[in-house]
Structure formats: C-alpha cells, structure tokens
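Structural overview
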Amino acid sequence: MPDSTSPDKRPRRKRHILLQIDSWIDSTLWNAGFRLGEIWEEITIFFRRFRVRGWKRWLFELLGEGMTLGTAGSVLLLALAIPAFEETGKDWRNHGDFAITFLDRYGNLIGHRGIIHENSAPIDDLPDHLIKAVLATEDRRFFDHFGIDFLGLARAMSENARAGGVVQGGSTITQQLAKNLFLTNERSLERKIKEAFLSVWLEANLSKKEILSLYLDRAYMGGGTFGAAAASQFYFGKAITDINLAESAMLAGLFKAPAKYAPHVNLPAARARANEVLTNMVQGGIMTEGQVIAARRNPAVVVDREETEAPDFFLDWAFEEVQRIAARFPQHSLIVRTTIDPGLQKVADAAVASSLREYGESYHVKQGALVTIENGGAVRAMVGGRDYGESQFNRATRALRQPGSSFKVYTYAVAMESGMTPDTTIVDGPVAWGNWSPHNYGNSYAGRVTLATAIAKSINTIPVKLVKDKLGLNSVIAMTKAMGVETPIRKDVTIPLGTSELTVLDQATAYAVFPAGGMQSRRHGISQILTYKGEVLYDFQRDEPPAAPVLSKTAADYMNQMLSKIPYNGTARRAALDNGIVTAGKTGTTQAYRDAWFVGYTGNFTTAVWFGNDDYTSTNNMTGGSLPAMTFKTLMDYAHQGIELKPIPGIENPLPNGAFPKPAEMASKPGASDVPLVPAFVRPRTLSHDTTRLLRQIGQDLNDAVPLIAPAQKVAATDAIGLRAARPFP
C-alpha cells in the first residue's frame, strides 16, 4: 500500500499554500485601495461644500498663497535671526565692570572707558525734563512699540521724501541701544537685520526702564564721553541730577550727531539743536511753550574747555585689549599706560581728514583708516574713520577689506623662505587654476621676469603660479598667521591676489616683521596696567614672551631689498619720503577700485593706510599708489623729523647722507605738478638729539643702578650689626 505522504504529493501541498498567500495579498491590497478611494471620495464630497466661486475664490487663493509665503518667510526669518541672537550670548552687561583711565606713552591723561560709577545715576533720580527731552527727540512712541516702530518709520520716510533728503531717522531707542551693545555702525543690510531682531530681543528680556537707562549710559556724547552723566560733568561741570531744562535739551540734542553738536566744539550749533529739542517737546505735547520759553531765552552755558581730540578709535581698541588682559585680575578700576603718541596721532588724524576733504569727492571715497607701529611693536597712531562722532565703527581694527596686491608679500615671503631669491626668474604668461584664469593689469604679459621685477610691477600671474606650482595655499596661509595676521584666511585659489579680507591692523602688524629683521613685530597698545595704588599688575616687557623668528635673516633681507625698490621704481612713487629716508612697502588695489592700500615702512615705523567706502561702492579709479601713498608720506615725513634714524636690515645704503633728516618742506617738485600734495606738518622741537640720547642713557643707568640705603636705615642696620656682635651666639 503506497504512503499517503509520498514525496510526489508534497510539492502540490506547497503550491496550494503559496496560492492561498498570493490570493490573500491580492485581495487585501485591492480592498485597501478600494477603501482609500472611498475615503478620498468622501473627503472630496465634503470639501465641495466649501467650494467658492467668483471673487471669493480669488480671496481664498490669495489667502492660501499668503500662508505659503508666510511659512517660507518664517523659516527665512528664523535663519536670519540665529546670527543676531548669537550676539546675545556674549557677556554684554559686564561692559560696565571696568572703569579704565588711559594715559598716553608719556603719562598724560587721554581718556576714560567703561562706566564711571561715581558719575552714573539711577534713572529714577534723573531730572524729569531730561527724560522728556530725550523721548521727544529720539523716540516719542518709546512706551508704545515693541522695539520697532513701524508708524514712526513711516512718518520718517514721509518727512524725508517731502524734504528731499534725510531729515528724520526711523530708528527707535531700542534699535540704537542694540547697535551700541552688540553691533557696529557699519552700514549694511546684514547689520540692519540683526539690529531689528536684537531690538525685539531686548524688549522681551528687559523692561522699558532698563532699556532707557542703558541707552543713556552707553551712548557716545562727544568730547570722549559716554553716557549722559559723564557728558553733564564734561560740558556743564555738574552732576546730571542738577541740570536744568536748557542743559537737558542740549544733552538730548547730542544723540543724533555728537561731533556736529558738541558744545565745546560748536556752541552756536549746539544751542540751535537744543532749541529744536525744545520745539519737539512742545510739538509732542510733553510741555507747553510757556514752560520752555525760559530755556529758549537762557540757553545752556558750558564749561570753557580746550578743544582737544581724544584718540577715541585707539581707546576703543585699547579698552578691548585691557578687558582681555585684565580679566584675570580682581581689580577692574585701573590705570592703563598705552603706547599712543599724541603728536603722531594728531597728524595721523589730520592726514586722513585732509586727504578725504581735499580729494574725497574727486576720488569718490568717503572713509579711510590708518595704523602706525614703531619698530618694537608699539602702536603709535590709529585712525578708524574720518569722524568718530559720526561713526564709532573702527575701520582700522574691525572692517574686513580685501587687501588686493598688498597681500602678495606673504606669497613672496614664503618663496624667499623656500630658497628663492629676488633674482629667481619665472615666466609671466597666461595661467589657469581650475575655472579661474587671472590676468595682469592691461591684459599684457612680460615673459620671463625676476621676482623682484614681478613684485615691483605688481604682476598678477607670478604669485598665482608660485602658489599653484611650487608653494601651495597652506604655506601662504601659515605665513600670514606667523607674521601676526589674526583674521582667518579663506583657503581659496584666489588668495594670492588678495581676495581674503584683512584689517588695517593685521596689515601693519605683519609688515612690521620686515624692518624687525624677520622677527615677530610684537604689536601691542598697552604698556602697563596699574591699580590706583600704583601696583603694577601687567607690564608688556616683563610679562610677554620675547619676539620669535618668523623669517630667516636671509629671507627677510631679500624681502626688504625687493620692497625698498617699489617706492622708487614701482607702483608707490608718491610714498617715497623726503630727505633721502629709505622707504619700503607695497600698494594694493582691489577689483572695481573698491579698496586702495599702501602698507610701508622704514627702519623706525610701519604704517598701513586704507581708503574706501563703507557700502563697498567703487571709487573713481583710486589706486594704492595715489591717496593712500600720499597720506602715508604725509604722516611718515612728520614722524621722522627729529629722531635718530634706524636702518632697514639687509639693504645697501640704508641711511641718507647726514646724521638726521631736516623737517620736510612743502614744495612742488619739478615735473610733479600733477601729483596732489597734502600740507606738510612740522614736528615741534624741544630737545636736541644729543640731549635726548644723554637723558635716556641717564635714565637707563638709574634703572640699572643698585638701590641706595637711606641714612636712617644705614644707621639702624649698623646698630643692629653692633648689637649682634656684642651679643654672644646662642
């Protein structure tokens, strides 16, 4: 009898099971699809009840599109808000923890930074008419908006359109505070977006009273003062709690343009502005004409002060340096001796201002910046813009601008360090790096040239070929960092031509390596930090490490030999100093003439000069060999009057004939009538060179001498010795 479970029956059973599974899957999927179709039909039938036609359909279409765009806009706003809110992570409230008194290199008082607590007053103690004057002029709807006043903005736009120019601002007090606390005065769309978000953040995290108090304490008020309390002491010689209505109106008028309306500079303009403030109070319904008439008839009288300009751009940077250095000290009320030279600073300010005043319109340039470093690293002058009162944004330390051809020195420094010489030849011809093909000025090529000729004529293809074929991007980036550039450099094939942004301070710091013989420049602005008891908490020479080598002596000498030819045979002939003082340096001009640079040096000083526009608009064909070179010459001619000249290392005949240069005289050179000239400055003479040298030597000898014992101490010491001698040993 055959087995019922024979092998020939097993495949049939398996096929039967598989057919059942397949049938179940097919029926399940069909039923699911059918059911989903029924559900969709039910949904469609349901929503047909809401179908609209005619004008209602267009309304709903617009609402739908609005929701879509609103969602996309919300995502965009969130992306824009993230960078703004990152600013709030900083310890911005501790700005007032430091109270710093700054001295120049000679020990003279030059300014204060931080909150001077004895001058500040709680907002509840401030005169009521001061608060009213500020609100009437700066933000009448301060207590009604949430940081951004759209009604006030619309009113300002209407008034400006009617006047054909900017006569009324639309920024609220909260927006101005956001700028003062977190941002700069740089005019850009990014800054305005950040300002708007930060204003809303301030309103959400601070009370109106706190916002107003911070605004009155942090705003620049002219004369080197910050805050209404300090301004009251400076201008009127009295506490802010004691000022009258006329004085309050004058202070309230300073917020708009402190440099223009500062009463110690232009008293008539300050009184006219105060009268406008009184009118604003009447028009705003805050006071009546009868209440302000006495203030109109008896305007504020200010303390007669000498019109001295504080080095405010330098002080802002020095204050940041102090906070970095002194963070480890328990004392925050400090006296800081800086490296600033008041004479050089005054001429630096005048040189930049006169250049812009005389040639700014023809070159279509509105801003300039400058940094001068003495050989040894001390910052002697710093100009961060044409007018600190108009804009406190420091273009010398914070503005990132493309350096153009002035960046080429870093490539050539790497080349010299790698074994090349100024006489090394390379072919000037077309070059391509990926999709990038740089060209020379004029689209011409010189064929085989030496590196010395290439840098003097600022040929573009040569540094690109050097980096592409021999040196590499990493070596150039490493060189910039080693020479003292603090701004991060982008790793991009275009950086040999200066497309990665730097600051003016970066450039001055790095170029100062060359006159130092290849050693670190040790750039610094703080010499000493002391307590009010005279205790020295920090001394640069004592506490900072000595200069380390950056370039070999041979490479530094080669760079000096090449760069010292540019002011005489290259692109910077307007930078050559008078009296035969040997000058070295490099020009830089960026694409579309947006930036113009000259960075140069002698054996004594290094100076970096930049001109351009805050909004990055093009200048009128301004190159680094024009206005920057002329401004450099104006300052450096002055700086070298009456000092002992130091040689630039590694060059032939580094010093002019004669021991010392004579004061530069203003004279047109034959054949140079087309060269614009800036008025020369003459350095006042007090002591001869020999006398100065002798006094310095005496001072050094006294510092090195063994301390003397006072007579009383000597007698006491002798008596003690005698007593010990008479007494037997224990």
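Residues numbered from 1 in each chain as written. Predicted model: local features only at pLDDT ≥ 70, side-chain atom pairs only at ≥ 80, totals over all residues. Heavy atoms only, no water.

**Section: the overall build of the chain**
Test applied: A run of H or I in DSSP becomes a helix once it reaches four residues, and a run of E becomes a strand once it reaches two; helices and strands are each numbered from the N terminus. Using a 1.4 Å probe on the protein chains alone, a residue whose accessible area is under 20% of its type maximum counts as buried, one over 50% counts as exposed, and one in between counts as partly exposed. Contacts are residue-level and defined by heavy atoms, with any inter-residue pair within 4.5 Å sufficient.
From N to C terminus, the chain includes 25 helices and 12 strands. Burial status across the chain gives 46% buried among its 730 residues. Expressed as a percentage of contacts within the chain between residues at least 6 apart in sequence, the contacts between residues at least 24 apart total 69%.

**Let's talk about the environment of Tyr638**
Relative to the assigned elements, Tyr638 resides in helix α23 (residues 627–639). Separated by 291 residues in sequence, Tyr638 and Val347 have C-alpha atoms that sit 7.8 Å apart. Ignoring sequence-local partners within four residues, the contact set of Tyr638 consists of Gly343, Leu344, Val347, Phe681, Val682, Arg683 and Pro684.

**Details of the pairing of strand β9 (residues 536–539)**
We apply this condition: One bridge is not enough; two strands pair if DSSP finds at least two bridges between them.
As judged from the 3 bridges shared by strand β8 (residues 526–530) and β9, these two strands associate in the antiparallel manner. Note on β9: the bridge partner recorded for Ile529 is Tyr538. Counted along the chain from β8 to the antiparallel partner β9, the turn is 5 residues long, and its residue Gly534 has a positive phi close to 95 degrees.

**Remarks on unusual backbone geometry**
Phi is positive for Ser458, close to 55 degrees, though the residue is something other than glycine. Structurally, Ser458 can be placed in the loop between α16 (451–456) and α17 (461–471). For Ser458, a relative accessible area of 17% corresponds to the buried category. Within the chain, Tyr616 stands out as a residue other than glycine whose phi angle is a positive 65 degrees.

**What about the packing of aromatic side chains?**
Applied cut-off: Aromatic pairing here means that ring centres of Phe, Tyr or Trp (its six-membered ring) are within 6.5 Å. Orientation follows from the plane angle: under 30 degrees is stacked, over 60 is edge-to-face, and everything else is tilted. For a Lys NZ or an Arg CZ to count as sitting over a ring, it must be within 6 Å of the ring centre and within 35 degrees of the ring normal.
Within the structure shown, the criterion is met by 12 aromatic pairs. Seen from their ring centres, Tyr215 and Phe255 are 5.0 Å apart, and the 20 degrees between their planes marks the pair as stacked. Of the two residues, Tyr215 is situated in helix α7 (residues 208–218) and Phe255 in the loop between α9 (245–252) and α10 (258–261); the sequence distance between them amounts to 40 residues. Of the two residues examined, Tyr215 and Phe255, each falls in the buried class. On the numbers, 4.8 Å between centres and 90 degrees between planes, the contact of Tyr220 with Tyr388 is edge-to-face. Taken together, the residues Tyr220 in the loop between α7 and α8 (228–236) and Tyr388 in the loop between β5 (379–383) and α15 (408–417) connect sequence positions 168 residues apart. According to the relative accessible area criterion, Tyr388 is buried, its value standing at 8%. Counting every residue linked through ring pairs, the aromatic cluster contains Tyr220, Phe226, Phe313 and Tyr388. One cation-aromatic arrangement involves Lys208 over Phe142; the distance from NZ or CZ to the ring centre is 4.5 Å.

**A look at the sheet that holds strand β4 (residues 367–374)**
Each strand in a sheet pairs with its neighbour through backbone hydrogen bonds, running either in the same direction (parallel) or in the opposite one (antiparallel). For the record, the criterion: Note on geometry: axes are C-alpha line fits, over the in-contact stretch for helices, and angles between N-to-C directions span 0 to 180 degrees.
The strand order across the open sheet formed by 5 strands is β5-β4-β12-β11-β10, and the pairing between neighbours is antiparallel. Sheet topology places β5 and β10 (584–589) at the edges, where each strand pairs with a single neighbour. On average, adjacent strands in this sheet sit at an angle of 5 degrees to one another, irrespective of strand direction. Against the sheet, helix α14 (residues 342–363) touches β4, β5 and β12 (605–612), its axis set at about 30 degrees to β5.

**Digging into the pattern of salt bridges**
Two side chains bearing opposite charge may form a pair once their charged atoms approach each other closely. Threshold: Take a side-chain nitrogen of Lys or Arg and a carboxyl oxygen of Asp or Glu: if they are within 4 Å of each other, that pair is a salt bridge.
Within the structure shown, the criterion is met by 22 salt bridges. Ionic pairing is found between Arg35 and Glu38, a salt bridge with its closest N-O pair at 3.0 Å. Separated by 3 residues within a single helix, Arg35 and Glu38 lie in helix α1 (residues 10–48), roughly one turn from each other. Taking the relative accessible area as the measure of exposure, Arg35 reaches 41% and is therefore partly exposed. For Glu247, the salt bridge is made with Lys238, and the minimal N-O distance between the two is 3.1 Å. Taking the relative accessible area as the measure of exposure, Lys238 reaches 25% and is therefore partly exposed. Within this structure, Arg113, Asp312 and Asp316 form a network of salt bridges that share partners.

**Side note on α9**
Residue pairs spaced three or four apart in an α-helix point in one direction, given the helix's 3.6 residues per turn. We apply this condition: Under the rule applied, a polar contact is a pair of N or O atoms within 3.5 Å (in protein, one hydrogen donor and one hydrogen acceptor; residues adjacent in sequence only if both atoms are side-chain atoms).
The buried fraction of α9 is high, at 8 of 8 residues. Among all positions of α9, only Leu245, Ala246, Glu247, Ser248, Ala249, Met250, Leu251 and Ala252 are buried. Against α3 (128–138), α8, α11 (267–283) and α12 (289–297) lie the buried residues of α9. If you check the start of α9, you find a side-chain oxygen 3.2 Å away from the backbone N of Ala246, and it comes from Asn244.

**Side note on the packing of α15 against α17**
Formally: Orientation labels follow simple angle bins: below 35 degrees gives roughly parallel, above 145 gives roughly antiparallel, 65 to 115 gives roughly perpendicular, and whatever is left gives oblique. We call a crossing left-handed when the near helix sits turned anticlockwise from the far one by less than a right angle, and right-handed when that turn is clockwise. As a working rule, the residues Ala, Val, Leu, Ile, Met, Phe, Trp, Tyr, Cys and Pro are called nonpolar, Asp, Glu, Lys and Arg charged, and the rest polar, with Gly in that last group.
Remark: α15 packs on α17, axes separated minimally by 10 Å, with the N-to-C direction vectors making an angle of 45 degrees. Looking at the two axes, α15 sits oblique to α17. Between α15 and α17 the crossing geometry is left-handed. Along the contact surface, α15 presents Lys408, Thr411, Tyr412, Val414 and Ala415, while α17 presents Ile462, Pro463, Leu466, Val467 and Leu471. Its residues assigned to classes, the contact of α15 with α17 shows 8 nonpolar, 1 polar and 1 charged.

**Focus on the environment of Ala252**
Along the polypeptide, Ala252 turns up in helix α9. In sequence terms Ala252 and Ala228 are 24 residues apart; their C-alpha atoms lie 8.6 Å from each other. With near-sequence residues (within four places) excluded, Ala252 lies in contact with Ala133, Val134, Thr137, Glu138 and Val277.

**Some points on the sheet that holds β9**
The strand order across the open sheet formed by 5 strands is β2-β1-β3-β8-β9, and the pairing between neighbours is mixed. Each edge of the open sheet carries a strand with a single partner, namely β2 (109–114) and β9. Pairwise comparison of adjacent strand axes, ignoring direction, gives a mean angle of 20 degrees for this sheet. Across 5 bridges, the pairing between strand β1 (residues 99–103) and β2 is antiparallel. Across the sheet, the residue bridging to Ala99 is Gly114, located in β2. With respect to the sheet, helix α13 (residues 312–325) is in contact with β1, β2, β3 (333–338), β8 and β9, its orientation differing from that of β2 by roughly 55 degrees.

**Points about a nonpolar patch on the surface**
Keep this limit in mind: Like-charged residues are merged into a patch within 9 Å and nonpolar side chains (Val, Leu, Ile, Met, Phe, Trp, Tyr) within 5 Å, provided each residue has over 30% relative accessible area and no salt bridge. Methods summary: accessible areas were calculated by the Shrake-Rupley approach with a probe of 1.4 Å, and residue burial reflects only the protein chains presented.
Together, Ile17, Leu18, Ile21, Trp24, Ile25 and Leu29 line one region of the surface with nonpolar side chains, adding up to about 640 Å² of accessible area. Relative to the helices and strands, Trp24 is located in helix α1.

**A word on the confidence of the model for the chain**
Low-confidence regions, as indicated by low pLDDT, have predicted coordinates that should not be scrutinised in detail. Defined as follows: pLDDT expresses, on a scale from 0 to 100, how confident the predictor is about each individual residue.
Averaged over every residue, the pLDDT of the chain is 84; the share at 70 or more is 84%. Within the chain, the lowest mean pLDDT, 46, falls on helix α25 (residues 711–726), and the highest, 98, falls on β12. Across residues 658–679 the pLDDT falls below 50, and counting only partners more than four positions away or on other chains, this stretch makes 39 contacts in the model. In the model, residues 714–730 has pLDDT below 50 throughout and makes 1 contact with residues more than four positions away in sequence or in other chains.

**Regarding helix α18 (residues 473–482)**
Selection criterion: To be clear, the arc concerns the directions from the helix axis to the C-beta atoms.
Regarding α18, the residues found buried are Leu473, Val476, Ile477, Met479 and Thr480. Around the axis of α18, the buried residues are gathered within 155 degrees of arc, so they sit on the same side. Tucked into the core, α18 has its buried residues touching α15 and α17.

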